[in-house]
Structure formats: structure tokens, C-alpha cells
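# A structural walkthrough
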Amino acid sequence: MTNLFYRGYTIERLDEVYIAKPTHDDGHPFELFSTQIRRVLEAINALWLTASQLSGCEFETDHLISPRWARDWLKSPTDSVDLDQAYRRGAC
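It should be emphasised that the depicted structure is a prediction, and the values quoted were computed from it without experimental measurement.

How each quantity is defined
- Residues numbered from 1 in each chain as written.
- Predicted model: local features only at pLDDT ≥ 70, side-chain atom pairs only at ≥ 80, totals over all residues.
- Heavy atoms only, no water.
- Helix = DSSP H or I, 4+ residues; strand = E, 2+ residues; numbered from the N terminus.
- Contact = heavy atoms within 4.5 Å.
- 1 Å grid on protein atoms, 1.4 Å probe; cavity = no way out; pocket = protein on both sides within 12 Å on 5 of 7 lines; lining within 4 Å.
- Points joined across faces, edges and corners; volume = space filled by probe spheres on them.
- Nonpolar A, V, L, I, M, F, W, Y, C, P; charged D, E, K, R; others polar.
- Core = buried A, V, L, I, M, F, W, Y, C linked by side-chain atoms within 4.5 Å.
- Buried < 20%, exposed > 50% of the residue type's maximum accessible area, 1.4 Å probe, protein only.
- Pairing = 2+ DSSP bridges.
- Axes fitted to C-alpha atoms, helices over the stretch in contact; angles between N-to-C directions.
- Polar contact = N/O pair within 3.5 Å; in protein donor to acceptor, adjacent residues only side chain to side chain.

### Side note on the side chain of Arg39
Note that Arg39 resides in helix H1 (residues 37–54). When residues no more than four places from it in sequence are discounted, the contact partners of Arg39 are Ser34, Leu83, Asp84 and Tyr87.

Laid out in C-alpha cells, this is it:
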């Protein structure tokens, strides 16, 4: 499969997993991954929505309109987010 570019992310498929990485390299590795492309695309959309809420204002992460996995990630950033695992625990 060729890479898909979507809203600032490159999405590639490795075996049965879709992996999205930011197209810009800011020195901090980050990726979203899932066995379902739909979950990856929805997660990218959620990140854009979350970013639009954060720009230029004070915020409380628990009050953001975003999936729980995104709010949890803002509180404790990691290098990757397993969207399938987040879905299983009801965080999507």
C-alpha cells in the first residue's frame, strides 16, 4: 500500500496495522496505530479538534470535547497511542 497523507499525518500499513505519524519532524516521536483505518482517521480528526480548543486559552483537560484517550494523552504524553486498546477500554 502506498502511504496516505491526511491532515498533517502520513499513514502507512504494516501487516494488519495502520500507523499514523506526523509529517513534520519536531524531534518527538509520536504515532497512532490501529487495525482499522477508520479509527486512525477519526483519531487524527480528534487531535485537530483538541488542538483547536487549546490554542490561546487556559484549559482543563477533563473539560475538552475530545475522546478520553486524547485527554489522557495530554495529561501524560507517550510516544504512541494504541487506538484498539483505547477502544476496548471505552476511551474512544
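### Things to note about the layout of surface pockets
Considering only enclosed or pocket space, the largest pocket measures out at about 400 Å³ in volume. Around the largest pocket, the lining is made up of 19 residues, and of these Tyr9, His24, Phe30, Leu47 and Trp73 lie nearest the centre. Looking at the lining of the largest pocket, the elements that each hand over two or more residues are H1 and helix H2 (68–75). Per-element accounting of the lining of the largest pocket gives the leading share, 5 residues, to H1. Tallied by class, the residues present in the lining of the largest pocket amount to 11 nonpolar, 6 polar and 2 charged. As a volume, the second largest pocket reaches approximately 160 Å³. For the second largest pocket, the full set of lining residues is Phe33, Trp69, Asp72, Trp73, Ser76, Thr78, Ser80, Val81, Asp82, Gln85, Ala86 and Arg89. Mapped by element, the contributors of at least two residues to the lining of the second largest pocket are H2, strand S5 (80–82) and helix H3 (83–88). Residues that form the lining of the second largest pocket fall into these classes: 5 nonpolar, 4 polar and 3 charged.

### Details of the nonpolar core
Judged by nonpolar contacts, the single largest core of 16 residues is most densely connected at Ala20, Leu32, Val40, Ile44, Trp69 and Leu83. Elements with a contribution of two residues or more to this core: strand S2 (9–14), strand S3 (17–22), H1, H2 and H3. Among the elements that line this core, the one with the most residues is H1, at 5 residues. Setting aside residues no more than four positions away along its own chain, Val40 makes contact with Ile11, Tyr18, Ala20, Phe33, Ser34 and Leu83.

### A few points about the sheet that holds S2
The strand order across the open sheet built from 5 strands is S1-S2-S3-S4-S5, with neighbouring strands paired in mixed fashion. Each of the sheet's edge strands pairs with one partner strand only, and the pair in question is strand S1 (4–6) and S5. In this sheet, neighbouring strand axes are inclined to one another by 25 degrees on average, regardless of whether the strands run parallel or antiparallel. Pairing between strand S4 (residues 31–34) and S5: 3 bridges, direction parallel. Across the sheet, residue Phe33 finds its bridge partner in S5, namely Asp82.

### Overview of the side chain of Asp84
Mapped onto the elements of the fold, Asp84 is located in helix H3. A relative accessible area of 9% means that Asp84 is categorised as buried. At 2.6 Å, the side chain of Asp84 forms a polar contact with the side chain of Arg39. Aside from chain neighbours lying at most four places away, what touches Asp84 is Phe33, Ser34, Thr35 and Arg39.

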